[in-house]
Amino acid sequence: MTPVKIWISGISFICLLIWLQGCGEDYINEPPFEVKKDTVFLDVDDWYYFSQQPNKMGGLSVYPFSYQIFETAFDGFLVNAESKIYSIGIDETLDNKAVFLDVNKMPGDTLHKFSAFRYHLLIDVKRDEKTQGTIYYVLRRSKIGVKRLRERSIWVISPEMGILGVANYNIGYTDGQVTLDIIGDPDYFKEPELIRKIKYYDHDVTWLVDRDRHIIYEFNKHKALLSSRDFKAQEDLYEYKFDKANTLGLIDFRIKMENNMIKLVAGDSCFFFTESLELQRSASCPDEY
């Protein structure tokens, strides 16, 4: 064997040895949700089931887990790792596992991105006096297409106590108001700061519709763009581009008509435009919200 082949073989052996010693995932043959042993009814129609009696999947303990919550359903297993809880569908393998919860993630981190249209995002972590532990707020969002939403919900999860509550939410396109449809313990959704976090991570667009002139005005904070469109003629009209650094962090924003001008309220600032979206002036307006 040549020196080069010996060197390559040595590197390969070292890599294999490191992998065998645990560079991959370290699973734990103990259940998450350690106090749950049966079906938990969040209300009459919405429930989840968890069993501490494991099944075996490739020598690994996997724990039966299923739910019917709002319009979503799941049947499969949970798998415990050092910092993560994974979910696996009933007909899937470990290769198809999805992160259900990761206690090492920080607010704003993605837990799992199934596709460009579907993702789970951690938006808050806090100490909970009821469970005497840490609870995690997970935003779950999925679309059927570019604009149609399938799921828009917040799940409150305790690694020991299971799912504590779930809320479907909606954000008004014209006023930015958040409405919640809650199952489980409503106390986990009463803090106003939760509404602000939902809007920070998932309030992207606001509209103003002028039905008399068949014009829709749209502001998109991620595109940093105010635009107008003739929806009857299906024709784009005008646009004004902002600096993204000034719009990405916005929580409150909406468009109004005022004195024949287009007024964009963005946080504590107001911007006044002509109908052709030429900026005329801007001002501080902290009392708009």
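Above this text is the structure in question.
Presented here is a report on the structure given in the accompanying data block. A quick note: this is a predicted structure, and the numbers were derived from the prediction, not measured.

### What to know about the side chain of Thr206
Right, on to step 1. With respect to the helices and strands, Thr206 occurs in strand β15 (residues 205-210).
Right, on to step 2. Polar contacts involving the side chain of Thr206 include one to the main-chain carbonyl oxygen of Tyr173, which spans 2.8 Å.
Right, on to step 3. Beyond its immediate sequence surroundings of up to four residues, Thr206 is in contact with Tyr173, Thr174, Tyr217, Glu218, Phe219, Phe253, Arg254 and Ile255.

### Concerning the sheet that holds strand β18 (residues 235-241)
Right, on to step 1. Taken in spatial order, the 4 strands make up an open sheet running β15-β16-β17-β18, and their pairing is antiparallel. The sheet is open, and its two borders are formed by β15 and β18, each paired with just one other strand. Across the sheet, the mean angle from the axis of one strand to that of its neighbour is 15 degrees, orientation sign disregarded.
Right, on to step 2. With 6 bridges connecting them, β15 and strand β16 (residues 215-220) associate as antiparallel partners.

### A short note on the pattern of salt bridges
Right, on to step 1. Using the criterion set out here, one finds 15 salt bridges in the structure.
Right, on to step 2. As a salt-bridge pair, Asp185 and Lys130 come within 2.6 Å of each other at their nearest N and O atoms. Here Lys130 lies in the loop between β10 (118-128) and β11 (133-143) and Asp185 lies in the loop between β14 (178-184) and α2 (192-202), a separation of 55 residues in the sequence.
Right, on to step 3. A salt bridge links Glu258 to Lys263, with the nearest nitrogen and oxygen atoms 3.1 Å apart.
Right, on to step 4. By relative accessible area, Glu258 is classed as partly exposed at 25%.
Right, on to step 5. With relative accessibility at 4%, the residue Lys263 sits in the buried group.
Right, on to step 6. Several salt bridges share partner residues, and in doing so they unite Arg254, Lys256, Glu258, Lys263 and Glu288 into one network.

### Looking at the packing of aromatic side chains
Right, on to step 1. A complete count under the given rule lists 21 aromatic pairs for this structure.
Right, on to step 2. Ring geometry for Phe65 against Phe100: centres 5.5 Å apart, planes inclined by 75 degrees, an arrangement best described as edge-to-face. Placement of Phe65 in strand β5 (residues 60-69) and of Phe100 in strand β8 (residues 98-102) is noted, with a sequence separation of 35 residues between them.
Right, on to step 3. For Phe100, a relative accessible area of 6% corresponds to the buried category.
Right, on to step 4. A ring pair is formed by Tyr67 and Trp155, whose centres lie 5.1 Å apart and whose planes are at 70 degrees; its orientation type is edge-to-face. Placement of Tyr67 in strand β5 and of Trp155 in strand β12 (residues 149-158) is noted, with a sequence separation of 88 residues between them. In this structure, Tyr67 and Trp155 share a single accessibility class: buried.
Right, on to step 5. Aromatic ring contacts, followed pair by pair, group Phe33, Tyr48, Phe50, Tyr63, Phe65, Tyr67, Phe74, Phe100 and Trp155 into a single cluster.
Right, on to step 6. Taking the ring centre of Tyr86 as reference, the NZ or CZ of Lys97 above it sits at 5.2 Å.
Right, on to step 7. Here the guanidinium or amino end of Arg281 rests over the ring plane of Phe272, the centre of that ring lying 3.9 Å away.

### Quick notes on the sheet that holds strand β20 (residues 261-266)
Right, on to step 1. The 4 strands are arranged β19-β20-β21-β22 in an open sheet whose pairing can be described as antiparallel. Looking at strand neighbours, the two that pair on one side only are β19 (253-258) and β22 (279-284), the edges of this open sheet. Across the sheet, the mean angle from the axis of one strand to that of its neighbour is 20 degrees, orientation sign disregarded.
Right, on to step 2. Here 6 bridges tie β19 to β20, and the two strands are oriented antiparallel to one another. Each bridged residue has a counterpart across the sheet, and for Phe253 the counterpart in β20 is Ala266.

### Brief notes about the nonpolar core
Right, on to step 1. Ranked by size, the top nonpolar core spans 33 residues in total, and within it Phe33, Phe65, Ile69, Phe100 and Ile163 carry the most contacts.
Right, on to step 2. Those elements giving two or more residues to this core turn out to be β3 (47-50), β5, β6 (72-81), β7 (84-89), β8, β11, β12 and β13 (162-171).
Right, on to step 3. The dominant element in this core, judged by the number of residues it contributes, is β5, at 6 residues.
Right, on to step 4. Counting residues in each nonpolar core, the second largest holds 17 residues, with Leu139, Val156, Ile171 and Phe189 among its members.

### So, unusual backbone geometry
Right, on to step 1. Despite not being glycine, Gln132 shows a phi value in the positive range, around 55 degrees.
Right, on to step 2. Counting through the fold element by element, Gln132 comes out in the loop between β10 and β11.
Right, on to step 3. Not every positive phi belongs to a glycine, and Ala224 is a case in point at roughly 55 degrees.
Right, on to step 4. Locating Ala224 in the fold gives a position in the loop between β16 and β17 (225-230).
Right, on to step 5. Overall, the relative accessible area of 0% leaves Ala224 in the buried class.

Reading guide: rules and limits
Residues numbered from 1 in each chain as written. Predicted model: local features only at pLDDT ≥ 70, side-chain atom pairs only at ≥ 80, totals over all residues. Heavy atoms only, no water. Helix = DSSP H or I, 4+ residues; strand = E, 2+ residues; numbered from the N terminus. Polar contact = N/O pair within 3.5 Å; in protein donor to acceptor, adjacent residues only side chain to side chain. Contact = heavy atoms within 4.5 Å. Pairing = 2+ DSSP bridges. Axes fitted to C-alpha atoms, helices over the stretch in contact; angles between N-to-C directions. Salt bridge = Lys/Arg side-chain N within 4 Å of Asp/Glu carboxyl O. Buried < 20%, exposed > 50% of the residue type's maximum accessible area, 1.4 Å probe, protein only. Phe/Tyr/Trp six-rings, centres within 6.5 Å; stacked < 30°, edge-to-face > 60°. Lys NZ or Arg CZ within 6 Å of the ring centre and 35° of its normal. Core = buried A, V, L, I, M, F, W, Y, C linked by side-chain atoms within 4.5 Å.

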